[in-house]
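Here is how the chains run, residue by residue.
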Amino acid sequence: MNKRILLVNGPNLNLLGVREPSTYGTDTLDDVVALAERTAAERGFDVRHVQSNHEGVLLDAIHAARLECDAVVINPGAFTHTSVALRDALTGIALPFAEVHLSNVHAREEFRHRSYLSDVASFVIVGAGIRGYEFAVSRVIDLVAP
C-alpha cells in the first residue's frame, strides 16, 4: 500500500478565505491542501483530499480509505455536531484519525462544544488555523510510521 493520508473537509469548508474571515482566516481550501501535501511529502506520504457539502460523499471516501490510506485527518465542519454516520464510518475503518478545527470551537456557540468524533479520535486540534492541519498530518504520520 502507498503511504497515504486521507484529508477530509466537510460542509462549507470550500468557502475558506471568503466565509467569516474573522473566524476562519483568509487562507483558502487550496492553501490547506497544499500545506497538508507539503507536510506529508516531507515524510514520504501522499495526501488524498476530499471536500464535500454532502455527508454521503464523505462517508464513501472514508470507507475507501480503509483499503487505500494509513490514517485520516478530518475537519468535519458542522457535521462535527450532528453526524453519528461519520463517527461510525471512522470507527468502522479502524484507522487512526485526527479531528481538526480552524477555530477554537470551545470558545464559540454552545452547540459547537459537542463533537460526535472527539472521544474516538486519536487526537483533536482546535484553534490553530490552517497550522492545525500541518500538526495533524505530522502527528498521524507519527502514529503510523514512528
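Anyway, here's the lowdown on the structure attached to this text. (Residues numbered from 1 in each chain as written. Predicted model: local features only at pLDDT ≥ 70, side-chain atom pairs only at ≥ 80, totals over all residues. Heavy atoms only, no water.)

Time to look at the environment of Ala-85. Mapped onto the secondary structure, Ala-85 falls in helix H4 (residues 84-93). The spacing of Ala-85 and Leu-59 is 26 residues in sequence and 7.6 Å in space, taken between C-alpha atoms. The residues contacting Ala-85, other than those within four sequence positions of it, are Glu-55 and Leu-59. (Helix = DSSP H or I, 4+ residues; strand = E, 2+ residues; numbered from the N terminus. Contact = heavy atoms within 4.5 Å.)

Before going further, it helps to spend a moment on the side chain of Thr-39. Mapped onto the elements, Thr-39 comes out in helix H2 (residues 29-41). Residue classification places Thr-39 among the buried residues on the basis of a relative accessible area of 7%. At 2.8 Å, the side chain of Thr-39 and the backbone oxygen of Leu-35 are in polar contact. Contact partners of Thr-39, with chain neighbours within four places excluded, come to Glu-134, Val-137 and Ser-138. (Buried < 20%, exposed > 50% of the residue type's maximum accessible area, 1.4 Å probe, protein only. Polar contact = N/O pair within 3.5 Å; in protein donor to acceptor, adjacent residues only side chain to side chain.)

Quick look at unusual backbone geometry now. You will see that Asn-12, though not glycine, has its phi angle at about 75°, which is positive. Residue classification places Asn-12 among the partly exposed residues on the basis of a relative accessible area of 33%. Its identity is not glycine, yet Ala-94 carries a phi of approximately 55°, on the positive side. Within the secondary structure layout, Ala-94 lies in the loop between H4 and strand E4 (97-101).

What follows is about the pattern of salt bridges. On inspection of all chains with the given rule, the structure shows five salt bridges. Of the charged contacts in the structure, one is a salt bridge between Glu-68 and Arg-48, with a shortest N-O distance of 3.7 Å. Of this pair, Glu-68 sits in helix H3 (residues 55-68) while Arg-48 sits in strand E2 (residues 46-51); the two residues are 20 residues apart in sequence, bridging distant segments of the chain. You can call Arg-48 partly exposed: its relative accessible area is 29%. One network of salt bridges, with partners in common, ties together Arg-43, Arg-139 and Asp-142. (Salt bridge = Lys/Arg side-chain N within 4 Å of Asp/Glu carboxyl O.)

Quick look at the packing of H3 against H4 now. Orientation of H3 relative to H4, taken along the N-to-C sense of each, is 5°, at an axis distance of 9 Å. Here H4 runs roughly parallel to H3, going by the angle between their axes. Between H3 and H4, the contacting residues are Glu-55, Leu-58, Leu-59, Ile-62, His-63, Ala-65 and Arg-66 on the first element and Ala-85, Leu-86, Ala-89, Leu-90 and Ile-93 on the second. For the contact of H3 with H4, a count of residues per class yields nine nonpolar, one polar and two charged. (Axes fitted to C-alpha atoms, helices over the stretch in contact; angles between N-to-C directions. Parallel < 35°, antiparallel > 145°, perpendicular 65-115°, else oblique. Nonpolar A, V, L, I, M, F, W, Y, C, P; charged D, E, K, R; others polar.)

Once that is clear, we can look at the sheet that holds strand E1 (residues 4-9). Strand order in this open sheet of five strands is E2-E1-E3-E4-E5, and the pairing throughout is parallel. One side of each edge strand has no neighbouring strand; the edge strands of this open sheet are E2 and strand E5 (123-126). Along the sheet, successive strands turn relative to each other by an average axial angle of 20°, direction set aside. In the sheet, E4 pairs with E5 via four bridges, with the strands oriented parallel. Each residue of the ladder has a partner; that of Glu-99, found in E5, is Val-124. Sheet contacts for H2: E1 and E2; angle to E2, the most-contacted strand, approximately 160°. Contacts between helix H5 (residues 131-144) and the sheet are confined to E1, strand E3 (71-75), E4 and E5, with E3 contributing the most and set at about 160° to the helix. (Pairing = 2+ DSSP bridges.)

Interpretation note: all reported values are geometric properties and have no functional meaning in isolation.
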